[in-house]
Amino acid sequence: MPVAGDSGIIRVLGVDPGSETLGWGIVEGIGSKYRGVAFGTITHGSRIEFHKRLSKIYDDLNEIITRFQPQCVAVEDAFYSKNVKVAVRLGQVRGVVLLAGEKNGLPISEYAPRLVKKTVVGYGNAEKNQVQEMVRILLTLEESPKPHDAADALAIAICHSIHLGSTLRIKRALGGG
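Report on the accompanying structure. The model shown is predicted, which means the values in this text are computed figures rather than measured ones.

1. Details of the overall build of the protein chain
- A count of helices and strands for the protein chain gives five helices and five strands.
- Counting all 177 residues of the protein chain, 44% fall into the buried class.
- Carbon and sulfur atoms make up 52% of the accessible area of the protein chain, which amounts to about 9500 Å² in all.

The structure is reproduced here in structure tokens:
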């Protein structure tokens, strides 16, 4: 578990893996007190060879980690897909995300999509536009983050911040500091 700095703030890199568009978002805070720092996407044309896309994802994530100095990574867990090829490719992208976090010495947490939606929106089957709007409200943004991949990444980071805050409150209540 990452340790909060002197200010009690933790910077989380949230990642929504995708083989053509990977969303990322940085949220700073803990529990119910957080703010958005930055968000974006890593995109690649489907014409680029897949192994070269994976390499670019790794390089771009390392650049984001170097630039924003997160203290941990929260990534969307694998989900079930009827298309085996899509599921395998998504697993490979997730592997690259996990490798980038590990190589940078960052603690990594994984969250199921339904848990992220339930935590952020209050409903595990929320639609993409509902997630975008709730992220906008929670981070007091003027408009919903676009594309939805970036909003999902911010939602993952918010989810981690909320769950981490709960874990720390429980530890304090049990006398664990």
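2. Regarding the sheet that holds strand β2 (residues 21–30)
- The strand order β3-β2-β1-β4-β5 describes an open sheet built from five strands, whose pairing is mixed. Strand pairing shows two members of the sheet lacking a second neighbour, β3 (33–43) and β5 (108–111), which therefore form its edges. When the angles between neighbouring strand axes are averaged without regard to direction, this sheet yields 20°.

3. A short note on the pattern of salt bridges
- In the structure shown here, the tally under the stated rule is eight salt bridges.
- Residue Arg11 is joined to Glu28 by a salt bridge in which the shortest nitrogen-to-oxygen separation is 2.5 Å. Here Arg11 is found in strand β1 (residues 10–16), whereas its partner Glu28 is found in strand β2, with 17 residues between them in sequence.
- Residue Arg11 is classed as buried on the basis of its relative accessible area of 18%.
- Under the relative-accessibility criterion, Glu28 is labelled buried at 16%.
- Ionic pairing is found between Glu28 and Arg35, a salt bridge with its closest N-O pair at 2.9 Å.

4. Some details on unusual backbone geometry
- A cis amide bond links Lys146 with the next residue in sequence, Pro147, at an omega value of -5°.
- With respect to the helices and strands, the residue Pro147 is situated in the loop between α4 (128–138) and α5 (148–173).
- Positioned with a positive phi, Thr140 is a non-glycine residue whose angle comes to about 45°.
- One can find Thr140 in the loop between α4 and α5.

5. So, the packing of helix α1 (residues 50–68) against helix α2 (residues 84–103)
- Closest axis-to-axis distance for the α1/α2 pair is 9 Å, and the angle between their directions is 35°. Between α1 and α2 lies a crossing of right-handed hand. Here α1 contributes Phe50, Arg53, Leu54, Ile57, Tyr58, Leu61, Asn62 and Ile65 to the contact with α2, which in turn contributes Arg89, Gln92, Val93, Val96, Val97, Leu99, Ala100 and Lys103.
- Looking at the contact of α1 with α2, its residues break down into eleven nonpolar, two polar and three charged.

What counts and how
Residues numbered from 1 in each chain as written. Predicted model: local features only at pLDDT ≥ 70, side-chain atom pairs only at ≥ 80, totals over all residues. Heavy atoms only, no water. Helix = DSSP H or I, 4+ residues; strand = E, 2+ residues; numbered from the N terminus. Buried < 20%, exposed > 50% of the residue type's maximum accessible area, 1.4 Å probe, protein only. Areas by Shrake-Rupley, 256 points an atom, 1.4 Å probe, with all protein chains shown as cover. Pairing = 2+ DSSP bridges. Axes fitted to C-alpha atoms, helices over the stretch in contact; angles between N-to-C directions. Salt bridge = Lys/Arg side-chain N within 4 Å of Asp/Glu carboxyl O. Left-handed = near helix turned anticlockwise from the far one by under 90°. Contact = heavy atoms within 4.5 Å. Nonpolar A, V, L, I, M, F, W, Y, C, P; charged D, E, K, R; others polar.

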